[in-house]
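# Descriptive structure summary
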Amino acid sequence: MPSLGSDKVRAALMRKLGREEEADHADIRYVVYDAAGRTLCYTRLSHGGKHDLAAPRVAAMARQLCLNTSEFVQLVRCMLSGEAAREIITGSTDV
């Protein structure tokens, strides 16, 4: 399983999936909403400086976003679009 840089994960989540919200003093929450504004899923990432996310953390974030690890890695590495990820998350094309 791959490790990913926190800076790349942070940028991909903001650009492709949702908005960044303050979770608490240590974490930022990335929330994915449907067209009606309902929360579909979310994940968290710590505020700290750039660091590598180990494979277990990458897998956990993928699960939280209803993606498999491979899809999450593709999302971060720009091989999967935000629209395609939303379709996977919702199980439909009506996002």
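Conventions used here
Residues numbered from 1 in each chain as written. Predicted model: local features only at pLDDT ≥ 70, side-chain atom pairs only at ≥ 80, totals over all residues. Heavy atoms only, no water. Helix = DSSP H or I, 4+ residues; strand = E, 2+ residues; numbered from the N terminus. Buried < 20%, exposed > 50% of the residue type's maximum accessible area, 1.4 Å probe, protein only. Axes fitted to C-alpha atoms, helices over the stretch in contact; angles between N-to-C directions. Parallel < 35°, antiparallel > 145°, perpendicular 65-115°, else oblique. Contact = heavy atoms within 4.5 Å. Nonpolar A, V, L, I, M, F, W, Y, C, P; charged D, E, K, R; others polar. Phe/Tyr/Trp six-rings, centres within 6.5 Å; stacked < 30°, edge-to-face > 60°. Lys NZ or Arg CZ within 6 Å of the ring centre and 35° of its normal. Arc of directions from axis to C-beta.

## Focus on unusual backbone geometry
Phi at C66 is positive, roughly 60°, even though this residue is not glycine. Relative to the helices and strands, C66 resides in the loop between α2 (55-64) and α3 (69-76). On the basis of relative accessibility, which here comes to 42%, the residue C66 falls in the partly exposed class. Phi is positive for C78, which is not a glycine, with a value near 65°. Tracing the sequence through the fold places C78 in the loop between α3 and α4 (82-90).

## Description of the packing of helix α1 (residues 6-16) against α3
For the pair α1 and α3, the least separation of the axes is 8 Å and the interaxial angle reads 85°. Here α1 is positioned roughly perpendicular relative to α3, judged by the angle of their axes. Each of K8, V9, A12, L13 and K16 in α1 lies in contact with α3, whose residues at this interface are F72, L75 and V76. Here the contact of α1 with α3 is composed, by residue class, of six nonpolar, no polar and two charged.

## Details of the packing of aromatic side chains
Applying the stated criterion across every chain yields a total of zero aromatic pairs. Sitting over the face of the ring of Y42, R29 holds its NZ or CZ atom 4.3 Å from the ring centroid.

## With respect to α4
Of all the residues in α4, the buried ones are G82, A85, R86 and I89. Mapping the buried residues of α4 onto a view down its axis gives an arc of 100°, with all of them on the same face. Where the residues of α4 are buried, they touch α1, β3 (27-33), β4 (39-46) and α3. Where α4 terminates, the next one or two residues include G91, which has phi positive at roughly 80°.

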